[in-house]
Amino acid sequence: MPTIRAFSLTNLFVLEFEIPLSGMMEVGMTKIIGRELPNIPWEEPGDACDMPVWRYSGNPIIERFATRNSNSVFNSAVVPFEDGFAGVFRCDSRSISMDIFAGFSKDGIHWKISDEPIALQGANAEIAEREFRYDPRVCFLDGKYYVTWCNGYRGYPTIGVGYTFDFRNFYQLENAFLPFNRNGVLFPRQIRGKYYMLSRPSDNGHTPFGDIFLSESPDMQYWGRHRMVMGTIKGDTSAWQSTKIGAGCVPIETEDGWLLIYHGVINTCNGFVYRMGCALLDLEEPWKVKKRTRNYILAPHELYECVGDVPNVVFPCAALTDAATGRIAIYYGCADTVTGLAFTTADRLMAYME
Ligand code: BMA
């Protein structure tokens, strides 16, 4: 086998490793493992597009006043549902209460979002008491749509977990982890009989650090065997992800590994800037990173990403995929104010990673 000498973005040192030539990726060869989705929202990139991810021409797809009392609708998650799509949306109210709301769409672009926040049933009284809920993710797993979100518990952010079958009745489980934690993202199937969730242990407030960790569970209730997946990259090798990183979309299964779209943050003299990158995790041991982007795949460049309640933020929370074509539609929050849609393919992301 040939030996390749490479600079590792995951371990931050030069290393040697062996790659079987048959395992090396050719553009156009990455197969998404999953369902076909012929009605995935889609636009081809313009001729001038030299980026791996391009925006929907009608962005933003959800405006800040999309519900009766919303101040902003942004870091939100969608999935295929019945003959269209459903989702869980982060809407901050005009009193700036952060909560999660259900919504439906026929085409994945035009959404009808409830004016009332999701009423969660079934939790232990200690857990059911609502403080704040934000940044939902939705993961279809074992026949249920699981929802994870940043959940306020006695003043501390941690990972709330619930599920629904119909996006009308939602059931809450125990919080997954001790505080402080955010960006809880489930894997969409069991791996060797266990459930896996990514998260970002942190602190209270606007955390100035953060790496992506993985936890394992036999039953979606007890989480352990925690592993570090990947950290920030210090120095100027990939400075857009030098302050903190966090999992974004539910990992996309491909023949070559789990494709993870995540956010990376740099601190500047004018505050945090949130950009988007991706990584390829090992299929069987998903705490092992096979590849990762040095350059960001999407960054706040458009006005609705640069100007809003929190400027200079693109924050991915969901991706639709079509196994037949390799198409990926990414839903992302823009400047903590509105929701955007962007497109890519498994091949393009794979080719862009180092
Ligand atoms: C993070 C979270 C996100 C938000 C981002 C930028 O810490 O609070 O909800 O989009 O900051 O403000």
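Every value quoted in this text rests on a predicted model; they were computed, and no experiment measured them. (Residues numbered from 1 in each chain as written. Predicted model: local features only at pLDDT ≥ 70, side-chain atom pairs only at ≥ 80, totals over all residues. Heavy atoms only, no water.)

(A) Local environment of the nonpolar core. Trp111, Phe167 and Tyr331 are the most contacted members of the largest nonpolar core, which totals 36 residues. For this core, the secondary-structure elements that each account for two or more residues are strand S5 (77-81), strand S6 (84-93), strand S7 (98-105), strand S11 (144-153), strand S23 (314-322), strand S24 (327-334) and strand S25 (338-345). The greatest single-element share of this core, amounting to five residues, is contributed by S6. (Core = buried A, V, L, I, M, F, W, Y, C linked by side-chain atoms within 4.5 Å. Buried < 20%, exposed > 50% of the residue type's maximum accessible area, 1.4 Å probe, protein only. Helix = DSSP H or I, 4+ residues; strand = E, 2+ residues; numbered from the N terminus.)

(B) Highlighting empty space enclosed by the protein. For the structure shown, the criterion picks out one cavity of 30 Å³ or more. Lining the largest cavity are Tyr196, Leu214, Glu216, Arg225, Arg227 and Trp287. Among the residues forming the lining of the largest cavity, the class breakdown is three nonpolar, no polar and three charged. (1 Å grid on protein atoms, 1.4 Å probe; cavity = no way out; pocket = protein on both sides within 12 Å on 5 of 7 lines; lining within 4 Å. Points joined across faces, edges and corners; volume = space filled by probe spheres on them. Nonpolar A, V, L, I, M, F, W, Y, C, P; charged D, E, K, R; others polar.)

(C) Representation of unusual backbone geometry in the model. The step from asparagine 59 to proline 60 runs through a cis peptide bond, and the omega angle for that step is -10°. Within the element layout of this structure, proline 60 appears in the loop between strand S3 (54-55) and strand S4 (70-73). Note that the residue after proline 179, namely phenylalanine 180, is joined by a cis bond; omega there is -5°. Relative to the helices and strands, phenylalanine 180 resides in the loop between strand S13 (170-172) and strand S14 (181-186). In this structure, phenylalanine 167 is a non-glycine residue whose phi angle is positive, near 65°. Tracing the backbone shows phenylalanine 167 in the loop between strand S12 (156-164) and S13. The class of phenylalanine 167 is buried, set by a relative accessible area of 2%.

(D) Here's a closer look at the packing of aromatic side chains. In total, this model carries 22 aromatic pairs according to the counting rule given. With centroids separated by 5.9 Å and ring planes inclined at 55°, the aromatic side chains of tyrosine 146 and tyrosine 163 adopt a geometry described as tilted. You can see tyrosine 146 sitting in strand S11 and its partner tyrosine 163 sitting in strand S12, a full 17 residues away along the chain. Residue classification places tyrosine 146 among the buried positions, given a relative accessible area of 5%. Geometrically, the ring pair formed by tyrosine 163 and phenylalanine 165 is edge-to-face, given 5.9 Å between the ring centres and 80° between the ring planes. Overall, phenylalanine 165 belongs to the partly exposed group, its relative accessible area being 47%. Feature note: the residues Phe81, Phe104, Phe140, Tyr145, Phe167 and Phe170 constitute an aromatic cluster, connected by ring pairs. A cation sits over an aromatic face here: lysine 144 above tyrosine 163, 4.5 Å from the ring centre. (Phe/Tyr/Trp six-rings, centres within 6.5 Å; stacked < 30°, edge-to-face > 60°. Lys NZ or Arg CZ within 6 Å of the ring centre and 35° of its normal.)

(E) Up close: the site of the ligand. Close to the ligand lie Asn75, Arg90, Tyr134, Asp135, Tyr274, Val310, Val313, Phe315 and Asp336. Measuring from an oxygen atom of the ligand, one finds a side-chain N or O atom of aspartate 336 at 2.6 Å. Protein burial of the ligand: of its 300 Å² of free accessible surface, 87% is covered by the chains. Residue composition of the shell around the ligand, grouped by class: five nonpolar, one polar and three charged. (Near = heavy atom within 4 Å. Polar contact = N/O pair within 3.5 Å; in protein donor to acceptor, adjacent residues only side chain to side chain. Areas by Shrake-Rupley, 256 points an atom, 1.4 Å probe, with all protein chains shown as cover.)

In short, geometric facts, not functional conclusions.
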